[in-house]
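Listed below are the residues making up each chain.
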Amino acid sequence: MAKIEPTVASPADSAMPTTVTAAAGYGTPAIAGGAEAAAVTEPRQLDQLSRIEEKAARIEEKFARYEAVLTRAEASLERSAHKVDAAAGTMDFAAIRSEIAALRDRVDATPRAATLFTTAIVTAILTVVLTILVLRFGVPGLMPKLLP
């Protein structure tokens, strides 16, 4: 089924006079194509004109819907940009740097493996020495001496 494109004026209609309306305030409508005062219009032309007007109205409605969607999207993007800007403004990078430096100092102050091994050896030696002293001399009032 072939689609017939609407035409405003056919070559046969060009010989007939048509009414041309001038802009507001510039006088009365002028007659083109002859001196007759009556405007000649066919029902087919009015049908085509009404279809064109309906299509234009639908296009305008679609444009208005797209414009509303784009306006909402723009507003949402603007709100998101303000939120990101506010979040970035509240971040205090100097405070974060000072916290990291304090944490690094605490980590550096913790004993390393050599210090821990030395402490373990000293603790073991002192424990053995104190145990021998307690066994040899006892604890007055609690335990008598066990070694001669």
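Here is what the cut-offs are and how they apply
Residues numbered from 1 in each chain as written. Predicted model: local features only at pLDDT ≥ 70, side-chain atom pairs only at ≥ 80, totals over all residues. Heavy atoms only, no water. Helix = DSSP H or I, 4+ residues; strand = E, 2+ residues; numbered from the N terminus. Buried < 20%, exposed > 50% of the residue type's maximum accessible area, 1.4 Å probe, protein only. Contact = heavy atoms within 4.5 Å. Areas by Shrake-Rupley, 256 points an atom, 1.4 Å probe, with all protein chains shown as cover. Patch = residues over 30% accessible without salt bridge, like charges linked within 9 Å, V, L, I, M, F, W, Y side chains within 5 Å. Salt bridge = Lys/Arg side-chain N within 4 Å of Asp/Glu carboxyl O. Lys, Arg positive; Asp, Glu negative; His and termini not counted. Charge placed at Lys NZ, Arg CZ, Asp CG, Glu CD. pLDDT = per-residue confidence, 0-100.

### Considering the overall build of the chain
And then number 1: Helix and strand content of the chain: three helices and two strands.
And then number 2: Of the regular secondary structure in the chain, the N- to C-terminal order runs β-β-α-α-α.
And then number 3: A buried classification covers 3% of the 148 residues belonging to the chain.
And then number 4: For the chain, long-range pairs separated by at least 24 residues make up 24% of all intrachain contacts whose partners lie at least 6 apart in sequence.
And then number 5: Summed over all atoms, the accessible surface of the chain reaches about 13,100 Å², with 67% contributed by carbon and sulfur.

### Describing a positive patch on the surface
And then number 1: A contiguous patch of positive charge on the surface is contributed by R44, R51, K55, R58, K62 and R65.
And then number 2: Relative to the helices and strands, K55 is located in helix α1 (residues 43-90).

### What to know about a nonpolar patch on the surface
And then number 1: A grouping of I121, I125, V129, L130, L133 and F137 is seen on the molecular surface, where their side chains present a nonpolar patch of about 610 Å² in accessible area.
And then number 2: Within the fold, I121 resides in helix α3 (residues 113-137).

### Points about the environment of R136
And then number 1: Mapped onto the elements of the fold, R136 is located in helix α3.
And then number 2: If sequence neighbours within four positions are ignored, R136 has contacts with K145, L147 and P148.

### Some remarks on the confidence of the model for the chain
And then number 1: The predicted model of the chain averages 78 in pLDDT, with 72% of residues at 70 or higher.
And then number 2: Below a pLDDT of 50 lies the segment residues 22-29, which in the model reaches five contacts outside its immediate sequence neighbourhood of four places, other chains included.

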